[in-house]
Each structure stands twice: as structure tokens, then as C-alpha cells.
Amino acid sequence: MSKKKEIVPVLPKKKSKGKTVVKVIVAVAAIQGILKMVAFYKNKKNEKQPENEGTKKYAVWMNGKQVRLDEEELRSIEIQAVMSGIDIDLTKAKIHEDMFISGKAIMSGVCIRVPEDINVKMNCKTILGACANSVPKYFDETLPTIFVEVDGVMSGIAVKIGNTNEIENDECDLDKEDSE
């Protein structure tokens, strides 16, 4: 007299969706914290750059930076911008000879403001981005030339005449008129 053994199906336990969501949130927060630390140290590196022979280097990571170079003699500028924006104002810089601006921009915006009476030649390569040179072409060969070679991926690169003070003052004047 044998007993028949009953087969009892074992159902798998369902994982709670709440625990999975919490794990994903913790992972995203950890990655975001690491990226912020990297950006912070990369941006701090700019402040400690040595003053060597008219060359400036700017590395901007996931941040915005506005640079005004007043009364400085420059020969070259190197830019690295990753998921950020950088605005370089050269309107008051001393540019007596040819100058070179080179760099790379990934998912960023690069704006370079130059003084009047200067030649600008751009040789930029972009993928899913754009380059714009709104500086008029002067036919005077005695004027200094700024050569811009910035490679961009999903980035915008622009060279304009004028400085940020003029733009800010124009906006302030409009606000004053509205308030009166």
C-alpha cells in the first residue's frame, strides 16, 4: 500500500517593485554625485593654471563659465567643454599679432566675443552642430587675425563682435523703461 505522493507546485515569490525602484534611485544618485565631483575638480583646475607665455587653458565640465580677458596679451587659448557653455570675451584683450583658439566641445555652447577691426578665420568641424562667424571680413592684411579651430559634437560655436557688458546694459535699459 503505497501512498501516492502529491506534487505541489511551488510558485516563485514576486519581488516587490518598490525595492527595485529604490535601488535604481540610489544608483542614479551615486552616479550623479560622482559626475558632480569630477566636474568640481575639473573646474577648480582652471583656477590654478600657470601663467606661461600668453596661453590660457579652460576645461569646463557640466557647468557654465564666463571669461573676460582684460588688458592681457594672448597668443593662444585652448578650450575643452563637455555638456556646458563657455563665453570668452576678448574685446579688451591686447591682440597685436595673430592668435589661435583651439579645442573640443561636446554637447556644449562656445561663444567668443572679439573686438572690432580684427580678422577671424574659422576652421571648425561639427557633428550635429553649427558654426557661425558674424565678424565682418576686413581686407586689411595688417590687422591681427584670430584663427578658431574648435571641433564640436552636438555643439554650437559662435564668434561675435562686442562684449557681454554691452548686452547686459542693453537688457538693463529695457527693464528700466518697463518699470517707469
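The structure under discussion appears in the preceding block.
Residues numbered from 1 in each chain as written. Predicted model: local features only at pLDDT ≥ 70, side-chain atom pairs only at ≥ 80, totals over all residues. Heavy atoms only, no water.

A. Structural detail: the environment of Q66. Position of Q66 relative to the elements: it lies in strand 2 (residues 64-68). Judged by relative accessible area, which is 46%, Q66 ranks as partly exposed. Spatially, the C-alpha atoms of Q66 and D89 are 7.9 Å apart, while their sequence positions differ by 23 residues. (Helix = DSSP H or I, 4+ residues; strand = E, 2+ residues; numbered from the N terminus. Buried < 20%, exposed > 50% of the residue type's maximum accessible area, 1.4 Å probe, protein only.)

B. Structural context of the layout of surface pockets. There is about 160 Å³ of room inside the second largest pocket. Around the second largest pocket sit N119, V120, K121, N133, V135, P136, K137, Y138, D140, E141, T145 and F147, which together line it. When contributions to the lining of the second largest pocket are tallied by element, the ones reaching two or more residues are strand 7 (119-122) and strand 10 (145-153). Ranked by residues supplied to the lining of the second largest pocket, first place goes to strand 7 with three residues. (1 Å grid on protein atoms, 1.4 Å probe; cavity = no way out; pocket = protein on both sides within 12 Å on 5 of 7 lines; lining within 4 Å. Points joined across faces, edges and corners; volume = space filled by probe spheres on them.)

C. Quick look at the nonpolar core. Membership of the largest hydrophobic core comes to 28 residues, with the highest contact counts inside it found for I77, L90, I101, V114, I146 and V148. Only strand 1 (55-61), strand 3 (76-82), strand 4 (85-89), strand 5 (99-106), strand 6 (109-114), strand 10 and strand 11 (156-161) provide two or more residues apiece to this core. (Core = buried A, V, L, I, M, F, W, Y, C linked by side-chain atoms within 4.5 Å.)

D. Up close: the pairing of strand 11. Bridge count between strand 6 and strand 11: six bridges; the pairing is parallel. Paired with I112 across the two strands is V159, which belongs to strand 11. By the bridge criterion, four bridges tie strand 9 (residues 130-133) to strand 11 in an arrangement that is parallel. Note that in strand 11 the partner of N133 across the bridge is V159. (Pairing = 2+ DSSP bridges.)

E. Up close: the sheet that holds strand 2. The sheet built from five strands is open, its strands ordered 2-4-6-11-9 with parallel pairing. Here the strands that pair on one side only, and so sit at the sheet edges, are strand 2 and strand 9. In this sheet, adjacent strand axes meet at a mean angle of 10° when their direction is disregarded. (Axes fitted to C-alpha atoms, helices over the stretch in contact; angles between N-to-C directions.)

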